[in-house]
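Coordinates in review
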Amino acid sequence: MDYLATNKHAWDQRTRLHLKSLFYDLQPFIDGKSSLNPIELAQVGNVQGKKLLHLQCHFGQDSLSWARLGAAVTGVDLSSESITAAKKLAKQLHLPATFINSDIYQFGENNTTQYDIVFTSYGVLAWLPDLTRWAQTIAGALRPGGEFHLVEFHPFNDVLTGYGYFAKAQPDVEDEVTYTENHNNQLTKVATWPHPISEVISALISAGLTILKFNEHQYSPYNCIEGLEFVNGKGYQLIHNNHPIPLIYSIHARAC
């Protein structure tokens, strides 16, 4: 199957719903609210005056939130609907951000710009069949001493919900609704791949990056899976057999 065409279609459909969802809460964002969470804000730190590449940026809320903090941002996403919406938002908010509609592997092959920071977050890796090429794209986009920041949903929860943990060549192909509350039972076909954390770390090391920090977090900023409970001041957690489950992990790496 053509997984790029399949997933592009799915994310074009999802973007139309996401723009109208309470989950993404667009109007408060337009009014000045940041879409960034404490995990990534603390890890990435000061971005003032830095060139930041945001891979798999969706329709640009996080990209534009970094731009509001002073970064010169470039966002890349497979969905043309997402990139059209991101460009419209950037123009509406008078924020200097560039958005590119591309598969990130193709972007990596064509990119000649070096960035201070490469950032990607929350539900991105499952859409990629090859983490070696992903990591090479990141390494190729970073200037010497530049930093990579990943904040991702922990695959441990995927195991609890019936998905595999270890990498495999063939994708899981399913008809799914999107994760926002206004999905209206609209199904789209998607192709996804599991990636154990060891594969993620090994791909980054093989691409020449130095892992500076790896963290696991028991609280998620998003209520986007079943069974979560809210803990005031911390976020959402999942308790399994009386123990909290890691919901988020983060990696901070540096280019040589």
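Up top you'll find the structure we're talking about.
Structural notes, computed from the coordinates. (Residues numbered from 1 in each chain as written. Predicted model: local features only at pLDDT ≥ 70, side-chain atom pairs only at ≥ 80, totals over all residues. Heavy atoms only, no water.)

**A word on the overall build of the chain**
Per the secondary structure count, the chain includes nine helices and 13 strands. Here the C-alpha atoms of the chain give a radius of gyration of 17 Å, agreeing with the 18 Å that 2.2 N^0.38 yields for 256 residues. Taken along the three principal axes of its C-alpha coordinates, the chain extends 45 × 45 × 40 Å. Burial analysis of the chain (256 residues in total) assigns 49% to the buried set. Summing over all exposed atoms, the chain offers an accessible surface of approximately 12,200 Å²; the carbon and sulfur share of this is 51%. (Helix = DSSP H or I, 4+ residues; strand = E, 2+ residues; numbered from the N terminus. Rg over C-alpha atoms; globule rule 2.2 N^0.38 Å. Buried < 20%, exposed > 50% of the residue type's maximum accessible area, 1.4 Å probe, protein only. Areas by Shrake-Rupley, 256 points an atom, 1.4 Å probe, with all protein chains shown as cover.)

**Details of unusual backbone geometry**
Residue D25 is not a glycine yet carries a positive backbone phi of 45 degrees. Summarising the element assignment, D25 is placed in the loop between α1 (3-18) and α2 (26-30).

**A word on the sheet that holds strand β1 (residues 51-55)**
Strand order in this open sheet of seven strands is β3-β2-β1-β4-β5-β13-β8, and the pairing throughout is mixed. What marks the edges here is a single partner per strand, and that holds for β3 (97-101) and β8 (209-217). Going across the sheet, the axis of each strand differs from the next one's by a mean of 15 degrees, ignoring polarity. Both β8 and strand β13 (residues 248-255) contribute to a ladder of eight bridges, which runs antiparallel. Paired with N215 across the strands is S250, a residue of β13. Contacting β1, β2 (72-77), β3 and β4 (115-121), helix α4 (residues 61-68) crosses the sheet at an angle of about 175 degrees to β2. Of the strands in this sheet, β1, β4, β5 (142-153) and β8 are in contact with helix α7 (residues 131-141), which crosses β5 at around 140 degrees. (Pairing = 2+ DSSP bridges. Axes fitted to C-alpha atoms, helices over the stretch in contact; angles between N-to-C directions. Contact = heavy atoms within 4.5 Å.)

**Things to note about α7**
Those residues of α7 lying buried are L131, W134, A135, T137, I138 and A141. Buried residues of α7, viewed axially, fall in a sector of 155 degrees; they line one side. Elements that come into contact with the buried residues of α7 comprise β1, α6 (104-110), β4, β5, α9 (197-206) and β8. Where α7 begins, the side chain of D130 points an oxygen toward the backbone nitrogen of T132, at a separation of 2.9 Å. (Arc of directions from axis to C-beta. Polar contact = N/O pair within 3.5 Å; in protein donor to acceptor, adjacent residues only side chain to side chain.)

**Digging into the side chain of E152**
On the secondary structure map, E152 appears in strand β5. In this structure, E152 is buried with no salt-bridge partner, the nearest side chain bearing the opposite charge being R14 at 12 Å. From its side chain, E152 meets the backbone nitrogen of V124 in a polar contact 3.0 Å long. The residues touching E152, leaving out its near neighbours within four places in the chain, are Y122, G123, V124, L125, L247, I248 and Y249. (Lys, Arg positive; Asp, Glu negative; His and termini not counted. Salt bridge = Lys/Arg side-chain N within 4 Å of Asp/Glu carboxyl O.)

**A short note on the side chain of D12**
Turning to its location among the elements, D12 is positioned in helix α1. Overall, the relative accessible area of 9% leaves D12 in the buried class. There is a polar contact of 3.2 Å between the side chain of D12 and the backbone nitrogen of S80. Setting aside anything within four residues of it in sequence, one finds D12 in contact with S79, S80 and E81.

**Comments concerning the nonpolar core**
The tendency in soluble globular proteins is for nonpolar side chains to be buried side by side. Residues L125, W134, I138, F148, L150, V200 and L204 are the most contacted members of the largest nonpolar core, which totals 31 residues. Every element with two or more residues in this core is listed here: β1, α6, β4, α7, β5, α9 and β13. Broken down by element, the residue count for this core peaks at five residues, all from α7. Excluding residues within four positions of it along the chain, F148 makes contact with V118, T120, W134, I138, L142, L204, L209, I251, H252 and A253. Among the nonpolar cores identified, the runner-up in size contains 26 residues, and F29, I30, A67 and L93 belong to it. (Core = buried A, V, L, I, M, F, W, Y, C linked by side-chain atoms within 4.5 Å.)

**Brief notes about the environment of A203**
Of note, A203 is situated in helix α9. In the structure, A203 is positioned 153 residues away from K50 in sequence and 25 Å away in space, judged by C-alpha atoms. A203 has contacts with L131, T132 and A135, leaving out every residue within four places of it along the chain.

**Comments concerning the layout of surface pockets**
Over the atoms a probe the size of a water molecule is rolled, and this reveals where empty space is left. Of the voids in this model, the second largest pocket is the one considered here, and its volume is about 160 Å³. For the second largest pocket, the full set of lining residues is N37, P38, I39, Y122, H217, Q218, Y219, S220, P221, K234 and G235. Grouping the constituent residues of the lining of the second largest pocket by class yields five nonpolar, five polar and one charged. (1 Å grid on protein atoms, 1.4 Å probe; cavity = no way out; pocket = protein on both sides within 12 Å on 5 of 7 lines; lining within 4 Å. Points joined across faces, edges and corners; volume = space filled by probe spheres on them. Nonpolar A, V, L, I, M, F, W, Y, C, P; charged D, E, K, R; others polar.)

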